[in-house]
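Single-letter residue listing:
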Amino acid sequence: MNPMKTALLAAAAALSFSAQAADDTIKVGVLHSLSGTLAISEVTLKDTVLMLIEEQNKKGGILGKKLEAVVVDPASNWPLFAEKASELIDKNKVSVVFGCWTSVSRKSVLPVFEKSNSLLFYPVQYEGEESSKNVIYTGAAPNQQAIPAVDYLMKDLGVKRWVLEGTDYVYPRTTNKILEAYLKAKGVAASDILVNYTPFGFSDWTSEVSKIKAFGSAGKKTAVVSTINGDANVPFYKELGNQKISAEDIPVIAFSVGEEELSGIDTKPLVGHLAAWNYFESVKAPANTAFIKAWKSYIKNDKRTTNDPMEATYIGFNLWVKAVEKAKTTDTAKVIDALPGLEVPNLTGGTAKLLPNHHITKPVYIGEIKEDGQFETVWQTKGTVPGDAWSDFLDGSKDLESDWVTLKCGNYNTKAKKCSN
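The structure reproduced in this document is the subject of the present report. Quick caveat: nothing in here was measured; it's all calculated off a predicted structure.

Focus on the pattern of salt bridges
Within the structure shown, the criterion is met by 13 salt bridges. The shortest N-O distance in the salt bridge between Glu-127 and Arg-106 comes to 3.1 Å. Pair noted here: Glu-127 is in the loop between β4 (120–122) and β5 (135–137) and Arg-106 is in helix α4 (residues 103–116), with a separation of 21 residues, a long-range link. Neither residue differs from the other here; Glu-127 and Arg-106 are each classed as buried. In this structure, the salt-bridge partner of Glu-208 is Lys-211, at a minimum N-O distance of 3.7 Å. Taken together, the residues Glu-208 and Lys-211, both in helix α7 (residues 206–215) and three residues apart, mark about one turn of the helix. Residue Glu-208 is classed as buried on the basis of its relative accessible area of 11%.

Next comes the structure, spelled out in structure tokens:
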């Protein structure tokens, strides 16, 4: 046989074998920062996805195929998120991606997923004001975290003055815009609202905490609503302790501080400060007990905690598995069509339902920080709250509706009867 022809046949056979090998697994993309300022929060979510993949493979995988994780490190670098998302989709041919933490990272990758018609599960609380066909939002929208938190402070603790303290990017700014509008609608004067932002990784909190202390000395009950993100939380809470700001004096309620972040600091000075989430590790439920046991066994470190974004990842992963099984394919368009209306267990004893707006139903919990870095639930909703993609308190949003089932639109204007997508 002609040597050239032999070489060509061998190459063709190798390509065929490679394609067949690739078809033997379903690739799952993991897009979380493993380095940089957000690694403190995101590494755990990478580990969570890997654990869920391992557990699913023990059950036989999906559609008779094993799952294969493809992990990349966008390194807390927002433009790099888009580059790594493209790598996962175009080079690695993943069927789905679980990833992102900050809203700026999500917005960085959004055009990539929409252009390629790929699917992202986003597991972190965010500011709302978005609904993409290609994103499933399993974290809390503002009406599932920020608004209930403010209501609790106002009604149960009698708070009259408000410090909105955040990291300088889209999630805190948009969330605080919603909260300012909400507080003013409740009769709070502009002079009783202080808004402040600091950069990612901010560490010298002395003067900022002094301002909070001064603002709280006006004779009205004052609270801090914190949208500080990433490792800046560690020196912030340490400085609260240094300046002896107790929860009785000026309670802080956080939206981005969970068990994982608290595990790295001395929590004794922080006892009584608060966090609003949709899950706490301390919630007593059989599903949660089983998940914690599985996590400890997988991670082989009893000091590693569970937290809210882990539960959101768990919910998202199980929704995707259920949708693939329903669609009998990993084809993105068919999986997206199969998702709305599906229900899976959450970890607190209830169920999470995926709504037509690509958000889910969630309970809301408010917890006090305890000395051991866990939370004691002090308030919770009676049932679940449906996630609202568009705020009812912003002029540009209150007339918008998201519905990817009937209206096939992420921002349908109910007054103009028109989709703006």
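Focus on the packing of helix α3 (residues 78–91) against α4
Interaxial distance between α3 and α4 falls to 8 Å at its minimum, and their mutual angle equals 30°. In this view, α3 runs roughly parallel relative to α4, as classed from their interaxial angle. As α3 runs across α4, the sense of the crossing is right-handed. Facing Trp-78, Pro-79, Phe-81, Ala-82, Ala-85, Ser-86 and Ile-89 of α3, the residues of α4 in contact are Val-104, Ser-105, Ser-108, Val-109, Val-112, Phe-113 and Ser-116. Within the contact of α3 with α4, the residues separate by chemical class into ten nonpolar, four polar and no charged.

Thoughts on the packing of aromatic side chains
Across all of its chains, the model carries 17 aromatic pairs by this definition. With centroids separated by 6.1 Å and ring planes inclined at 85°, the aromatic side chains of Tyr-122 and Tyr-126 adopt a geometry described as edge-to-face. With respect to burial, Tyr-122 and Tyr-126 carry one shared label: buried. Taking the centre distance of 6.1 Å and the plane angle of 55° together, the rings of Phe-317 and Trp-320 count as tilted.

About the cut-offs
Residues numbered from 1 in each chain as written. Predicted model: local features only at pLDDT ≥ 70, side-chain atom pairs only at ≥ 80, totals over all residues. Heavy atoms only, no water. Salt bridge = Lys/Arg side-chain N within 4 Å of Asp/Glu carboxyl O. Helix = DSSP H or I, 4+ residues; strand = E, 2+ residues; numbered from the N terminus. Buried < 20%, exposed > 50% of the residue type's maximum accessible area, 1.4 Å probe, protein only. Axes fitted to C-alpha atoms, helices over the stretch in contact; angles between N-to-C directions. Parallel < 35°, antiparallel > 145°, perpendicular 65-115°, else oblique. Left-handed = near helix turned anticlockwise from the far one by under 90°. Contact = heavy atoms within 4.5 Å. Nonpolar A, V, L, I, M, F, W, Y, C, P; charged D, E, K, R; others polar. Phe/Tyr/Trp six-rings, centres within 6.5 Å; stacked < 30°, edge-to-face > 60°.

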